[in-house]
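Listed below, chain by chain, are the residues.
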Amino acid sequence: MPVDHFSYRDARTFNLRYFINVDHYLPGGPIFFYCGNEGELESFALNTGIMWDLAPNFNAAVVFAEHRYYGKSFPFGNADNSTSTLENIGYLSSQQAIADYAVLITYLKSHGLSMNATGTANAPVVAFGGSYGGMLAAWFRMKYPHIIVGAHASSAPVLLFLNANGNFDGMPDPASFYGITGRTFQNAGCNPATVQRAWAALANLAKSADGRNFLNNQFNLCSNMLIQQASDVSWLINYIEDSMVSMAMVDYPYPNSFLGPIPVPAWPAKVACANLNFTVISQTSDQQLAAALNSAVNVFYNSTGAATGCVCANLVSPICTQGLAQSAQYANLSWPWQTCTEMALPSCVNGSTDSFFPSNVTFSPNLCPWTPENQANYCQNTFSYFDKELFRPTWAMTYYGKNFAAASNIIFSNGNLDPWAAGGVFSSAEGIVQAQRNGVTLIEVEESGHHLDLRQPNTCDPPSVIEARRKEYQIIYCWVVPASCSSFVPPSEPPASVVQPCKYVYNGYPWAHYTAPQSGSADIARNPAILIFMLVVVRFLSI
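Because the structure is a prediction, the values reported are computed rather than measured. (Residues numbered from 1 in each chain as written. Predicted model: local features only at pLDDT ≥ 70, side-chain atom pairs only at ≥ 80, totals over all residues. Heavy atoms only, no water.)

Participant: Tell me about the side chain of Asp 418, residues and numbers included.
Facilitator: Among the structural elements, Asp 418 can be located in the loop between strand S6 (410-415) and helix H17 (432-437). The side chain of Asp 418 sits in the buried core without any salt bridge; Arg 183 is the nearest counter-charge, 9.3 Å away. Engagement of the side chain of Asp 418 in a polar contact is seen with the side chain of Ser 155, the distance being 3.2 Å. Not counting chain neighbours up to four residues away, the residues in contact with Asp 418 comprise Ser 155, Ile 180, Ala 248, Met 249, Ser 448, Gly 449 and His 450. (Helix = DSSP H or I, 4+ residues; strand = E, 2+ residues; numbered from the N terminus. Buried < 20%, exposed > 50% of the residue type's maximum accessible area, 1.4 Å probe, protein only. Lys, Arg positive; Asp, Glu negative; His and termini not counted. Salt bridge = Lys/Arg side-chain N within 4 Å of Asp/Glu carboxyl O. Polar contact = N/O pair within 3.5 Å; in protein donor to acceptor, adjacent residues only side chain to side chain. Contact = heavy atoms within 4.5 Å.)

Participant: Describe in detail the environment of Lys 388, supporting the description with residues and values.
Facilitator: Looking at the secondary structure, you find Lys 388 in the loop between helix H15 (372-382) and helix H16 (395-399). A relative accessible area of 39% places Lys 388 in the partly exposed class. Remark: the alpha-carbon pair of Lys 388 and Gln 375, spanning 13 residues in sequence, is separated by 9.7 Å. When residues no more than four places from it in sequence are discounted, the contact partners of Lys 388 are Ala 376, Asn 377 and Gln 380. Engagement of the side chain of Lys 388 in a polar contact is seen with the side chain of Asn 377, the distance being 3.0 Å.

Participant: Give me unusual backbone geometry: which residues, what numbers.
Facilitator: Of note, the bond from Cys 368 into Pro 369 is cis; its omega dihedral lies within 30 degrees of zero at 5 degrees. Its location among the elements puts Pro 369 in the loop between helix H14 (334-339) and H15. In this structure, Tyr 69 takes a positive phi of about 75 degrees despite not being glycine. Following the sequence through the fold, Tyr 69 ends up in the loop between strand S3 (61-65) and helix H3 (79-83). Unusually for a residue other than glycine, His 451 sits at a positive phi of about 35 degrees. Mapped onto the elements of the fold, His 451 is located in the loop between strand S7 (441-445) and helix H18 (463-480). Of the residues examined, His 451 reaches a relative accessible area of 7% and is grouped as buried.

Participant: Describe the nonpolar core, listing the residues and the values that go with them.
Facilitator: Counting residues in hydrophobic clusters, the biggest one holds 167 residues, and the most contacted among them are Phe 140 and Leu 202. Looking at which element gives the most residues to this core, the answer is helix H10 (residues 233-249), with 11 residues. When residues no more than four places from it in sequence are discounted, the contact partners of Phe 140 are Phe 33, Cys 35, Ile 98, Tyr 101, Ala 102, Ile 105, Ala 127, Pro 145, Ile 147 and Ile 148. (Core = buried A, V, L, I, M, F, W, Y, C linked by side-chain atoms within 4.5 Å.)

Participant: Give a description of the pairing of strand S4 (residues 125-130) that names residues and reports values.
Facilitator: Most of S4 sits inside the fold, with six of its six residues counted as buried. Taking every second residue as pointing to the same face, both faces of S4 are buried, with Val 125, Ala 127 and Gly 129 on one and Val 126, Phe 128 and Gly 130 on the other. One ladder, built from four bridges, connects strand S2 (residues 31-35) with S4; its direction is parallel. Paired with Tyr 34 across the strands is Phe 128, a residue of S4. Of the strand pairs in this sheet, S4 and strand S5 (residues 150-154) are connected by five bridges, and their pairing is parallel. Looking across to S5, one finds that Val 126 is bridged to Gly 150. Where the polypeptide runs from S4 across helix H6 (residues 132-143) and back to S5, its parallel neighbour, the crossover connection is right-handed. (Pairing = 2+ DSSP bridges. Right-handed = clockwise from strand over helix to strand, strands pointing away.)

Participant: Tell me what's going on with the confidence of the model for the protein, and back it up with residues and numbers.
Facilitator: When pLDDT is averaged along the protein, the result is 89; 90% of the residues meet or exceed 70. Overall, residues 323-330 carries pLDDT values under 50, and its contacts beyond four positions in sequence, including any with other chains, amount to 10 contacts. Low pLDDT, under 50, characterises residues 512-535; the stretch is placed with 52 contacts to residues that sit more than four places away or in other chains. (pLDDT = per-residue confidence, 0-100.)

Put into structure tokens, the structure is as follows:
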């Protein structure tokens, strides 16, 4: 893959990793293509069950492409060499990644999917992606409509930016990210007044030596990262807020380990809130409130009790990464670099619109207003080679735009529990009326966290999620088989209620009016957990 797609002065190439499965592919079938985002490719292949489930219904090939500078796709050999200098890390951007995907698809179609498959030259390609991957999928369709016929962009905050003029006029309120998180927890049973008292309790305890000692012990903080002064409570609050954002994202109706090695329970926000409800709040001590916050945090970080080591809770301190191997430290710099160049994604806490997160507590972090200057300062502290001129928080809206009138064939789906819906595309977006005439579809999914509709179907999925998937199926069908769109027979009606106990449903979903022929290994293909190891061919593209 070219290191630089956009100049003619650099002829270097690198190996881009991708997974490919043609178990259900038949000539004339489509290619379902996942736009890899900020992480190793295995995670996305294991957490995007919708593609595996749809493949046999469409005779489709399935491809997952890794984002450059993540996983095993580092342009300069490894994470260390690729991110330790400005000269090398400067080729990390969404524009370069999308160009990678366009080149890869063109290569696969012209080479029979590299699997001796036939009939691939004219195969329609549908891009899928969730979160940043959803942003890439949507932008892919907008920039390369001749390469892909459509894009399913789930939980894609493509509008969570400064506008091209450097302000928030016509853009989402940066406070809405934490506002949605707080709303998710309030709807899950949390009392905002109790939570506000708990934030204040942390600040009160941090003022005294005895209180700091209590916090250090209660949260099991590591000896090299203890609360030693009152202002240190800021990073402890940030640590707790981060866990709450994560729980809102994965507020799924079944246990999952999508964001970490230790699974969270079903509806984690509800479980966390159960730890924060006191009958008589006025009689609750600061120590009790702090302990309750710690119990709520551990719903995300240690729900099973399996984690026994100390906690390094300062998420922005180099001290908390010193235990990592050097390669892991550099690998962790890829996404921070993107947020320090084009992916600023502003968010902040505003007490006037959000009654859940602390805005009046001394040393509260993440307070509004969000400013480019503060973000650039963080970047200078993170990257020794960073120059503030490299920070371009308006570039995404300049390059991709916020007016969708010219867009076509994109599904923008957003869950109402998901904080990232703050930057999603809704009916108020510029140009959206014309875009909907062009085939852009907006789907708002109740009781849904972060791109739940992309995940493997589950017996505990809410009816709203099942219905969203049925709509998505029909739209994709019409993209892939436009000549038969008018005669499309809708899938069966979704079940009236969830089925306990929760379990994944493999190739048993009421998708469509027909079932395509399946290969002899179809039974294996029903379980994505073993697809990576048994059916997926792992390849590196070097052209």
